[in-house]
Amino acid sequence: MVENLKVKYDFKLDTIYCGDNEIVLKRFPPKSVDLIYIDPPFFSNQQYEILWKDGYEIQAYKDRWEGGIEKYIDWMKPKIELLYRVLKDSGSFYLHCDYHASAYLKVLCDKIFGNGDNNIGRTYFKNEIVWCYSGREHPKSKVFPRKHDIILFYVKNKKNYTFNPEFGSYRPEYIKNFFKEKDEDGRLYQTQPNGKGGNGYGNKGRYRQYLDESKGIRINDWWDDIKPVWHRGQQKEHLGYPTQKPISLLKRIIETSSNVGDIVLDSFCGCGTTLVASKELNRRFIGIDVSPLACDEIATRIGYSKLNIIGQKYSISELKKMNHFTFQYWFVRRIGGTPNPRKTGDKGIDGKVDTKKELNCPIEIKQHNITRPDVDKFETVIKRNNKKTGYMGAFEFTKGAIEEIARFKREEKLTIIPIIVKDLFKNEPKKYGIIEKDKLKTVNISKFLKKQ
Ligand SMILES: C[S@@+](CC[C@H](N)C(=O)[O-])C[C@H]1O[C@@H](n2cnc3c(N)ncnc32)[C@H](O)[C@@H]1O
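Residues numbered from 1 in each chain as written. Predicted model: local features only at pLDDT ≥ 70, side-chain atom pairs only at ≥ 80, totals over all residues. Heavy atoms only, no water.

Quick notes on the packing of helix H12 (residues 372–384) against helix H13 (residues 399–412)
We apply this condition: Simply put, an axis is a line fit to the C-alpha atoms, just over the touching stretch for a helix, and the angle between two N-to-C directions goes from 0 to 180 degrees. Helix and strand definitions follow DSSP, with helices as H or I runs of at least four residues and strands as E runs of at least two, each counted in order from the N terminus. We call a crossing left-handed when the near helix sits turned anticlockwise from the far one by less than a right angle, and right-handed when that turn is clockwise. Only heavy atoms enter the contact rule, under which two residues are in contact if any of them lie within 4.5 Å.
Running from N to C, H12 and H13 cross one another at 35 degrees; their axes reach a closest spacing of 8 Å. Considering how the two elements wind past one another, H12 and H13 form a crossing that is right-handed. Of the residues in H13, those touching H12 at Arg372, Val375, Asp376, Glu379 and Lys383 are Gly400, Ala401, Glu403, Glu404, Ile405, Phe408 and Glu412.

Here you go:
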């Protein structure tokens with residue numbers, strides 16, 4: 001990828017850096033973040049893995065499509081070395097991957113973080129976390145259905161790192177098998193070694209652990225209590241993005257390995273799950289993604305006014321050349337709206353957006369300049385939808401179009417808000433009267449972008 005040296009990446013908190021992480025990370029000061037989580041793409045299946053499909057993301061993949069695992073590891077190595085550099089001495093590093101590359105990535109990370117003396121508890125490698133889930137299975141496939149991801153957990157200093165253990169509820173069978181004793185008041189307990197003498201067996205050197213006083217069971221290194229976003233019941237969170245991770249997964253990692261006010265970095269942040277979780281847990285966040293579409297998506301998800309975006313943006317000429325549906329998608333998301341995934345029969349509505357006065361106002365986007373007849377057609381759309389406000393977006397509006405918009409306002413009391421692409425780079429959605437939402441409306445990104 002061509003390094004854009006004109007872009008200056010000052011180290012700023014609560015910020016999304018839009019660019020290749022290898023370039024951005026080089027400009028960060030060393031030992032500056034407390035926790036890193038990454039979920040890099042693995043080139044197992046292009047269609048599935050390339051989400052944003054914009055020039056920037058495709059460029060980031062291009063030369064690694066053919067190279068196989070060695071090429072992939074060569075690509076990851078400098079990135080993990082740079083992440084190691086920006087991690088504080090007390091920091092932790094989590095790498096999310098799956099069976100395709102986990103063994104290779106483990107060897108790579110062992111080399112970067114060091115092997116320690118390889119005794120349990122004394123290495124920089126702390127855990128191989130297995131995130132288990134269920135989902136549709138192919139009845140005829142000749143493998144055991146693959147239903148887990150791997151998260152490798154490393155620290156930079158073997159002795160000094162944040163670790164806040166999490167406790168979960170006891171399962172009924174655990175209570176039945178271990179809390180077998182009852183005291184004179186009927187309280188259930190089990191005995192545990194107290195570490196103060198005796199061999200931990202018999203009554204000597206043991207204490208009573210009461211069920212009603214227990215914090216619960218320690219969360220171990222296989223997690224089967226977090227559902228993927230595409231699971232039934234999780235749809236509210238699902239943006240339709242195939243590799244989107246659940247907020248609760250990130251919350252577990254962030255709560256365990258950082259404290260309030262700490263800095264969390266995700267250098268492959270996709271639609272920003274790590275950043276959303278960090279914000280909800282009062283941590284400071286930094287996200288990096290190579291795709292401007294991803295960066296706008298995150299800003300829509302978190303709120304433009306609640307973060308900074310630094311780095312590459314689409315140029316006007318790129319936007320002009322962009323596939324029409326991607327352009328529509330980009331525009332509608334950029335103003336905080338929900339795109340209409342229908343390719344045909346959309347009845348002139350490319351998306352909807354909420355204002356303080358009215359919900360679901362129609363949006364129409366044109367990749368050419370908007371003229372008077374376009375405005376006339378859109379007026380019909382607004383009326384058909386019983387709305388008083390609508391948004392139109394384009395590169396330019398002709399004089400006739402602007403006059404027509406003014407006439408509708410005067411004579412029909414209809415408000416059409418024209419948005420010019422170049423103003424979008426400067427203005428936040430609220431400038432156009434649009435409400436910034438805390439929760440993004442579900443929109444199936446992948447379905448929508450497939451139409452390219
Ligand atoms: C698997 S997704 C991350 C998903 C994320 N964990 C989530 O929950 O939304 C990987 C992301 O890495 C980004 N990416 C790929 N190569 C990159 C690079 N060199 N620098 C920065 N981001 C990159 C892609 O654009 C994609 O959004």
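Points about the packing of helix H9 (residues 292–302) against helix H11 (residues 324–334)
Just so we agree on the cut-off: Working definition: roughly parallel below 35 degrees, roughly antiparallel above 145 degrees, roughly perpendicular at 65 to 115 degrees, and oblique for all remaining angles. Each residue gets one label: Ala, Val, Leu, Ile, Met, Phe, Trp, Tyr, Cys and Pro are nonpolar, Asp, Glu, Lys and Arg are charged, and the others, such as Gly, are polar.
At a minimum axis separation of 9 Å, H9 and H11 run at an interaxial angle of 30 degrees. Taken together, the axes of H9 and H11 are roughly parallel relative to one another. As for the relative orientation of H9 and H11, their crossing is left-handed in sense. Contacts between H9 and H11 involve Leu293, Asp296, Glu297 and Thr300 from the former and Thr326, Tyr329, Trp330, Arg333 and Arg334 from the latter. Classifying every residue of the contact of H9 with H11 gives 3 nonpolar, 2 polar and 4 charged.

A look at H11
The condition is simple: The buried label applies to any residue whose accessible area, calculated with a 1.4 Å probe on protein chains only, is under 20% of its type's maximum; exposed applies above 50%, and partly exposed to all values in between. The term polar contact refers here to a pair of N or O atoms within 3.5 Å; inside protein, the definition further demands a hydrogen-donor-capable atom paired with an acceptor-capable atom, and it admits residues adjacent in sequence only when both atoms are side-chain atoms.
Summarising burial for H11: 10 of the 11 residues are buried, a large majority. Along H11, the residues that are buried comprise Phe325, Thr326, Phe327, Gln328, Tyr329, Trp330, Phe331, Val332, Arg333 and Arg334. The backbone nitrogen of Phe325 lies 2.7 Å from a side-chain oxygen of the residue at the head of H11, namely Asn323. Downstream of H11 by one or two residues, Gly336 has phi in the positive range, about 80 degrees.

Some thoughts on the site of the ligand
Our working definition: Being near a molecule or strand, for a residue, means having at least one of its heavy atoms within 4 Å of it. Accessibility throughout is a Shrake-Rupley quantity obtained with a 1.4 Å probe, and a residue counts as covered only by protein chains that appear here.
Asn21, Asp39, Trp52, Thr273 and Asp289 are the nearest of the 23 residues found near the ligand. A distance of 3.0 Å is found between a nitrogen atom of the ligand and a side-chain nitrogen or oxygen belonging to Asp20. For the ligand, whose unbound accessible area comes to 610 Å², protein coverage reaches 99%. For the shell around the ligand, the elements supplying multiple residues, two or more each, are helix H3 (55–62) and helix H4 (68–86). Class assignment for the residues of the shell around the ligand results in 9 nonpolar, 8 polar and 6 charged.

Quick notes on the sheet that holds strand E9 (residues 206–210)
The cut-off we apply is this: Pairing between two strands is assigned when DSSP locates at least 2 bridges connecting them.
Reading across from one edge, E7-E8-E9 is the order of the 3 strands in this open sheet, with antiparallel pairing throughout. A single partner strand is all that each edge strand has here, and the edge strands are strand E7 (181–182) and E9. Where strand E8 (residues 188–193) lies against E9, 5 bridges are found, and the strand directions are antiparallel. Residue Gln190 lies in a different strand from E9, and its bridge partner there is Gln209.

Here's the deal with the sheet that holds strand E4 (residues 125–132)
Pairing in this open sheet of 9 strands is mixed, and the strands run E11-E4-E5-E3-E2-E12-E13-E1-E14 from one edge to the other. Whereas interior strands pair on both sides, the edge strands pair on one side only; in this sheet they are strand E11 (222–223) and strand E14 (308–311). Of the pairings in the sheet, the one linking strand E2 (residues 33–38) to strand E12 (residues 263–266) comprises 2 bridges and is parallel in character. Bridging from a neighbouring strand, Leu35 pairs with Val264 of E12. Across the sheet, H4 lies against E2, strand E3 (87–97) and E12, angled at about 150 degrees from E3, the strand it touches most.

A few points about unusual backbone geometry
The backbone of Lys31 sits at a positive phi, close to 50 degrees, despite the residue not being glycine. Inspection of the secondary structure assignment puts Lys31 in the loop between helix H1 (21–26) and E2.

Section: the side chain of Ser291
Turning to its location among the elements, Ser291 is positioned in the loop between strand E13 (284–289) and H9. Separated by 3.1 Å, the side chain of Ser291 and the backbone nitrogen of Leu293 make a polar contact. Dropping the residues within four chain positions of it, Ser291 is found in contact with Cys18, Trp52, Asp54, Tyr56, Glu57 and Tyr314.

Some words on the packing of aromatic side chains
Heads up, the condition is: Aromatic pairing here means that ring centres of Phe, Tyr or Trp (its six-membered ring) are within 6.5 Å. Orientation follows from the plane angle: under 30 degrees is stacked, over 60 is edge-to-face, and everything else is tilted. Consider the ring centre and the ring normal. A charge sits over the ring if Lys NZ or Arg CZ is within 6 Å of that centre and within 35 degrees of that normal.
The tally for this structure, following the rule as stated, stands at 21 aromatic pairs. Their ring planes at 75 degrees and their centres at 6.0 Å tell us that Phe327 and Phe331 sit as a pair that is edge-to-face. Of the two residues, Phe327 and Phe331 both sit in helix H11, 4 residues apart, roughly one turn of that helix. For Phe327, a relative accessible area of 0% puts it in the buried group. Through a chain of ring-to-ring contacts, three or more aromatic side chains come together here, namely Tyr84, Phe93, Phe113, Phe125 and Tyr154. Against the face of Phe125 rests Lys106, its NZ or CZ located 4.1 Å from the ring centre. The ring of Tyr210 has Arg187 sitting right over it, with the charged end atom 3.9 Å from the ring centre.

Everything listed here is a matter of coordinates, which is why it stays silent on function.
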